[in-house]
Amino acid sequence: MGIISRGFSGRRSAADAKLPPGQYLTTDFPVLSAGPTPHIPLDQWEFVIDDGTDILRRWNWKSFRDLPTETFTVDVHCVTRWSKLGTFWEGVSLDTILADVKTDASYAMARSYGDYTTNLPLKDLMNNQAWIAFRFDNKDLAPEHGGPARLLVPHLYLWKSAKWVRGVTLMHKDKPGFWESLGYHIYGDPWREQRYSGDE
Amino acid sequence: MNSHTCHYEYLDGNAAAGELSNIFTMDVTAAKGQCAHCGATKRFAEAHVYMQAPGIVARCAVCEHVILRFVTTRQRVFLDLRGMTCLILDTSQLIDSGQ
Ligand SMILES: [Zn+2]
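Here goes a summary of the coordinates provided. None of these values were measured; they are calculated from a predicted model.

Attention shifts here to the interface of chain A and chain B. Contacts between the two partners involve 23 residues from chain A and, on the opposite side, 25 residues from chain B. In this assembly, chain A packs against chain B so that about 2,100 Å² is buried in total across both faces, 57% of it on carbon and sulfur atoms. Joining chain A to chain B, the criterion identifies one salt bridge. With its nearest N and O atoms 2.5 Å apart, the salt bridge here joins Asp199 of chain A to Arg74 of chain B. Between chain A and chain B we count eight residue pairs in polar contact (both at pLDDT 80 or more) in total.

Another point: the side chain of Lys84 of chain A. All names here are of chain A. With respect to the helices and strands, the residue Lys84 is situated in strand β5 (residues 82–93). Comment: no salt bridge for buried Lys84; closest opposite-charge side chain is Asp137, at 6.2 Å. Here Thr27 takes part through its backbone oxygen, which lies 2.7 Å from a polar atom of the side chain of Lys84. For Lys84, the residues in contact, after removing those within four places along its chain, are Thr26, Thr27, Asp28, Phe29, Val74, Asp75, Val76 and Phe136.

Once that is clear, we can look at the coordination of the zinc ion. Residue and element names in this part refer to chain B. Those donors, Cys35 (SG), Cys38 (SG), Cys60 (SG) and Cys63 (SG), are the protein atoms that reach the zinc ion, and they lie 2.3 to 2.4 Å from it. Taken together, the four donor atoms surrounding the zinc ion define angles of 103 to 114 degrees at the centre, an arrangement classified as tetrahedral. Here the donor residues of the zinc ion share one chain and are spaced in sequence as C-x2-C-x21-C-x2-C. Within this pair, whereas Cys38 is found in the loop between β2 (32–35) and β3 (41–43), its partner Cys63 is found in the loop between β5 (56–59) and β6 (66–72), the two being separated by 25 residues in sequence.

Residues and elements named next belong to chain B. A surface patch of nonpolar side chains, about 270 Å² in accessible area, is lined by Ile23, Val77, Leu79 and Leu81. Residue position: Leu79 is located in strand β7 (residues 77–80). The exposure class assigned to Leu79 is partly exposed, which follows from its relative accessible area of 33%.

Attention shifts here to the side chain of Thr169 of chain A. Residues and elements named next belong to chain A. Here Thr169 lies in strand β11 (residues 165–171). At a separation of 3.0 Å, a polar atom in the side chain of Thr169 contacts the side chain of Asp50. Setting aside residues up to four positions removed in sequence, Thr169 forms contacts with Asp50, Asp51, Gly52, Tyr107, Ala108, Met109 and Arg111.

Right, let's talk about the nonpolar core for a bit. Residues Phe64, Ile97, Leu125 and Trp179 of chain A are the most contacted members of the largest nonpolar core, which totals 47 residues. At the level of elements, β2 (46–50), α1 (61–65), α2 (94–97), β6 (107–112), β8 (131–136) and β11 of chain A are the ones that each hand at least two residues to this core. With three residues, β11 of chain A is the single largest residue contributor to this core. Ignoring sequence-local partners within four residues, the contact set of Leu125 of chain A consists of Leu94, Asp95, Leu98, Ala108, Leu120, Ala130, Leu151, Val153 and Val168 of chain A. Within the second largest apolar cluster, 15 residues are counted, among which are Val49, Ile56, Cys60 and Phe70 of chain B.

Cut-off values and rules
Residues numbered from 1 in each chain as written. Chains lettered and ligands numbered in written order. Predicted model: local features only at pLDDT ≥ 70, side-chain atom pairs only at ≥ 80, totals over all residues. Heavy atoms only, no water. Contact = heavy atoms within 4.5 Å. Buried area = accessible area lost by both parts, 1.4 Å probe. Salt bridge = Lys/Arg side-chain N within 4 Å of Asp/Glu carboxyl O. Polar contact = N/O pair within 3.5 Å; in protein donor to acceptor, adjacent residues only side chain to side chain. Helix = DSSP H or I, 4+ residues; strand = E, 2+ residues; numbered from the N terminus. Buried < 20%, exposed > 50% of the residue type's maximum accessible area, 1.4 Å probe, protein only. Lys, Arg positive; Asp, Glu negative; His and termini not counted. Donors = N, O, S within 2.8 Å, 3.2 Å for Na, K, Ca; no water. Tetrahedral: all angles 85-135°; square planar, octahedral: opposite > 155°, others 65-115°. Patch = residues over 30% accessible without salt bridge, like charges linked within 9 Å, V, L, I, M, F, W, Y side chains within 5 Å. Areas by Shrake-Rupley, 256 points an atom, 1.4 Å probe, with all protein chains shown as cover. Core = buried A, V, L, I, M, F, W, Y, C linked by side-chain atoms within 4.5 Å.

Here it is as structure tokens:
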């Protein structure tokens, strides 16, 4: 009779999964949306890094897709309390996007088609923590999940991972985005359960 | 919900009636609101309401700009009405019932 150690299985089941506080596990991928789903033709898509005044870098779909890509598997945590583990994506690292950008800014505002915004410290976009993702589960990213391309910052609540992302504005001072200006936490770390403004 | 076949985008303004009745004594869905972006004046019941989100977002039925946002946190409610230049509530029923 053997005793099987779960530690050797190498796969996480729902029972072993370690979730941030207050989260439950889901296996589907709920669609959350604060507005109509934009449908952006690839020949009109662009992604722009600016500093609030000047455009620093600009890509169209072709030049964006010429950038080196990565595949990555991450857990995502939505502030509406569901978490989905082991999601598989392909995208361009923000380290690649920001490589040639000279800035002394400390904050960033992600901007989306459909006028959604979300703010985060610039360092949270760097060091292999954030991507512009355009494929999910080996398929082109569907519009309802943010396609053609979305920001993915999996170490923060998913509202920070702006769908339909069209650019990032670099800022010297932090400024709240769409949800951060209406009661949601300015940073949004799921492991510290920073859901609402005022949470420690 | 199957993400590949059916997903609704919005409901009408009545979908927000329950949440809004927690903070307004009058029925806001019967009120008329003027969109700050395009100027259209419509009954709130006609607004496009997005509920599958971290809060409730109501958009102008004409131009889709946000006219109302509503978030309930642990002990507070946040209400953003800057997308409406004017909200017109009909008090005739209140006056009638008071007589
Ligand atoms: Zn309007």
